[in-house]
Structure formats: C-alpha cells, structure tokens
Amino acid sequence: MKAKVNSISMDYSLDGPAKARAVVLVHGFPLGRASWKPQVEALKKDFRVLAYDLRGMGRSGLGKAPLLLEQYADDLLALMSRLKLEKAALCGLSMGGYIALRALQKAPERFWALALADTRAEADSDEARLKRAAGIAALRRKGVAAYGAAMLPSLLAPGSLKSNPSLGSSLIRIICANKADGLANALAAMAGRTDSTAALAGFKLPVLVLAGELDKLTPPETAEGMAVRVPGARLELIPNAGHLSNLENPGHFNGVLLEFLKKAAA
Ligand code: MLT
C-alpha cells in the first residue's frame with residue numbers, strides 16, 4: 001500500500017487485527033520492508049504490524065538530498081500519524097535501530113516498547129565515516145547489485161548461506177530493489193547521525209536488545225554495552241546468526257520478540 005508522507009510516497013504493509021496493539025518494524029541497510037517477512041508472519045496474529053520501505057529504498061519515493069537521519073525519524077512518526085497509530089512498539093534492525101532510537105528520543109509518548117536488533121547507539125567513528133564515503137563512491141561506480149553482493153559476507157554468519165541457500169538470492173533481490181541514490185543518501189545520513197548513548201539511561205519503556213552471536217558489524221559486546229545502559233533492558237543473543245539475525249535464525253528471533261512484546265503489552 002502507499003501513503004503520502006512528508007512529500008514522498010511511502011510503501012508499507014499493515015497486517016493483523018485492526019484493534020490490536022501496534023508494532024512498527026524498521027528495516028536495515030541496504031534492505032527494504034521485505035526483509036521483515038518472517039516477523040510480519042509471526043506477529044500478525046497478535047499485533048497490528050506496520051512494515052514500510054524507508055525513503056529512497058524499496059518502493060518508497062526518493063525525496064530530496066541532502067538527507068539526515070532526522071528525516072527518517074520524522075517519516076516514521078508521520079507515517080504512524082497518517083495511519084492513525086497513536087502508539088506503537090518499535091523494532092529496528094541496524095539502521096532501523098538508529099532511526100528507532102532517534103524517534104523515541106523525539107516522541108517518547110508514541111511508543112510502548114522498543115526492540116533493538118543488531119544495532120548500536122553510538123555515532124560513526126571517523127573511520128566508519130570514511131568507509132561510508134568509499135561506499136558512496138562504490139555505489140556510483142559499480143551500481144547497486146555489485147555493491148550489495150560485496151556486502152553480503154559482512155552481513156551474514158559464515159554458515160547461514162549453507163544452511164539456507166535461498167537466503168543469498170532473496171537478499172540480493174531485496175537489495176536490488178533499491179536505487180543507488182537512495183542508498184547513497186542513506187550512507188550520508190548514517191555518517192552524520194547523532195550519538196544516542198546518553199539517552200539510553202532515560203528510557204522508561206520495556207526494552208529488548210537482540211544481536212546475532214556472530215554479528216561482525218555490531219558484535220554482541222556492542223549489544224551488551226547498550227543493554228547495560230538501559231534500566232531493566234533484556235539482552236538476547238541469537239545463535240547461528242550474524243548481522244541479519246531476524247533472517248538467519250527467524251525461529252529464535254521471533255520467539256524472543258513475541259514473548260517480549262506479549263509481556264510488554266500485558
Ligand atoms: C545496517 O544493517 O543497517 C547497516 O549495517 C548499518 C550501518 O551501516 O551502520
């Protein structure tokens with residue numbers, strides 16, 4: 001479905017009982033809402049589940065550059081308002097986690113629970129910013145397909161493609177649905193994002209931190225460092241999974257997420 005939000009057309013799915021409590025899923029980079037398919041299926045019996053393509057990604061409109069992470073947080077809040085979702089639980093993976101952290105700081109009253117998967121609260125280091133610059137150059141030079149294929153090994157645990165051979169091709173499909181400009185804008189926005197570390201101690205809602213045991217991009221120590229700063233947060237490591245823990249071990253990920261959301265909603 002499509003909704004006009006902040007001057008762009010946003011592509012989204014909304015599933016589950018109309019009166020159930022809402023959960024919003026915010027995807028990672030360089031993916032799209034299709035990367036939440038196993039979670040939409042698992043959650044939609046009990047919750048009203050919104051998954052959407054970030055601006056410039058999947059089937060959502062590109063919008064204007066320069067783009068800051070703040071805009072993605074504004075899009076999330078505006079899409080919720082447009083769909084009359086007063087209050088939601090927020091689940092963000094990696095870049096989706098950066099957006100979730102920022103949206104929660106802006107509008108804490110709009111959220112009843114937060115799940116942060118394979119993400120971090122810190123801003124980019126200088127080294128990471130330079131890698132983003134190289135990423136933008138590579139996208140322009142080689143295009144989305146080559147950029148995505150080169151990224152896959154860092155996104156997945158070594159055994160994930162062996163145990164699930166179709167995962168690689170479905171990820172390439174999701175990545176290739178993106179425009180080079182949309183991904184380049186996202187890299188620049190991530191490079192310029194603020195540091196959310198200081199805000200963690202002030203979070204007053206139930207928080208779950210998830211990480212793939214074999215995540216190389218946001219390793220378990222990063223997840224632990226974030227979880228200890230949030231009062232009462234729960235930390236869960238997902239076995240046999242790398243950075244895309246929701247897709248590499250969806251059974252375990254969904255079990256933990258569903259249990260957390262049901263408890264937080266009770
Ligand atoms: C993601 O999965 O969203 C990215 O790895 C985030 C990042 O590049 O910082």
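Parameters and conventions
- Residues numbered from 1 in each chain as written.
- Predicted model: local features only at pLDDT ≥ 70, side-chain atom pairs only at ≥ 80, totals over all residues.
- Heavy atoms only, no water.
- Phe/Tyr/Trp six-rings, centres within 6.5 Å; stacked < 30°, edge-to-face > 60°.
- Helix = DSSP H or I, 4+ residues; strand = E, 2+ residues; numbered from the N terminus.
- Lys NZ or Arg CZ within 6 Å of the ring centre and 35° of its normal.
- Near = heavy atom within 4 Å.
- Polar contact = N/O pair within 3.5 Å; in protein donor to acceptor, adjacent residues only side chain to side chain.
- Areas by Shrake-Rupley, 256 points an atom, 1.4 Å probe, with all protein chains shown as cover.
- Nonpolar A, V, L, I, M, F, W, Y, C, P; charged D, E, K, R; others polar.
- Core = buried A, V, L, I, M, F, W, Y, C linked by side-chain atoms within 4.5 Å.
- Buried < 20%, exposed > 50% of the residue type's maximum accessible area, 1.4 Å probe, protein only.
- Contact = heavy atoms within 4.5 Å.
- Axes fitted to C-alpha atoms, helices over the stretch in contact; angles between N-to-C directions.
- Parallel < 35°, antiparallel > 145°, perpendicular 65-115°, else oblique.
- Pairing = 2+ DSSP bridges.

Once that is clear, we can look at the packing of aromatic side chains. Summed over the entire model, instances satisfying the criterion amount to 2 aromatic pairs. Centroid distance Phe 29 to Tyr 147: 6.3 Å. Interplanar angle 75°. Geometry classified as edge-to-face. With Phe 29 in the loop between strand S3 (22-26) and helix H1 (37-43) and Tyr 147 in helix H5 (residues 144-155), this residue pair connects regions lying 118 residues apart in the sequence. The aromatic ring of Trp 112 is capped on one face by Arg 21, whose charged end is 4.3 Å from the ring centroid.

Gly 28, Phe 29, Ser 94, Met 95, Tyr 98, Arg 132, Met 190, Leu 217 and His 243 make up every residue found near the ligand. A distance of 2.8 Å separates an oxygen atom of the ligand from a polar atom in the backbone of Met 95. Arg 132 places a polar side-chain atom, nitrogen or oxygen, 2.7 Å from an oxygen atom of the ligand. Contact with the protein chains removes 90% of the 270 Å² of surface that the ligand exposes when unbound. When its residues are assigned to classes, the shell around the ligand shows 5 nonpolar, 3 polar and 1 charged.

With that settled, the discussion passes to the nonpolar core. If you look at the biggest cluster of nonpolar residues, it comprises 95 residues, and the most contacted ones within it are Phe 29 and Leu 114. With near-sequence residues (within four places) excluded, Phe 29 lies in contact with Met 57, Met 95, Tyr 147, Met 151, Leu 155, Leu 183, Ala 186, Leu 187 and Met 190.

Before going further, it helps to spend a moment on the packing of helix H2 (residues 69-82) against helix H3 (residues 95-106). Remark: H2 packs on H3, axes separated minimally by 9 Å, with the N-to-C direction vectors making an angle of 70°. Judged on the interaxial angle alone, H3 and H2 are roughly perpendicular. For the pair formed by H2 and H3, the contact residues are Leu 69, Glu 70, Tyr 72, Ala 73, Asp 74, Leu 76 and Leu 77 on the first element and Met 95, Tyr 98, Ile 99, Arg 102, Ala 103 and Lys 106 on the second. Its residues placed into classes, the contact of H2 with H3 shows 9 nonpolar, no polar and 4 charged.

Spatial ordering of the open sheet is given by S1-S2-S4-S3-S5-S6-S7-S8, a layout of 8 strands whose pairing is mixed. At either end of the open sheet lies a strand with only one pairing partner, and these are strand S1 (2-5) and strand S8 (234-238). Taking the axes of each pair of neighbouring strands and ignoring which way they run, one obtains an average angle of 25° across the sheet. As paired strands, strand S7 (residues 207-212) and S8 are joined by 5 bridges and run parallel to one another. If you follow Leu 208 over to S8, its bridge partner there is Arg 234. Those strands touched by H2 are S1, strand S2 (8-15), S3, strand S4 (48-52), strand S5 (88-93) and strand S6 (111-117), and its axis lies near 120° from that of S1.

For the rest of this paragraph, the subject is the environment of Leu 76. Inspection of the secondary structure assignment puts Leu 76 in helix H2. Judged by relative accessible area, Leu 76 falls into the buried class, the value being 0%. Distance from Leu 76 to Lys 44, taken between C-alpha atoms, is 20 Å for residues 32 residues apart in sequence. In this structure Leu 76 touches Val 24, Val 26, Tyr 52, Leu 90, Ile 99 and Ala 103, once residues within four positions along its chain are discounted.

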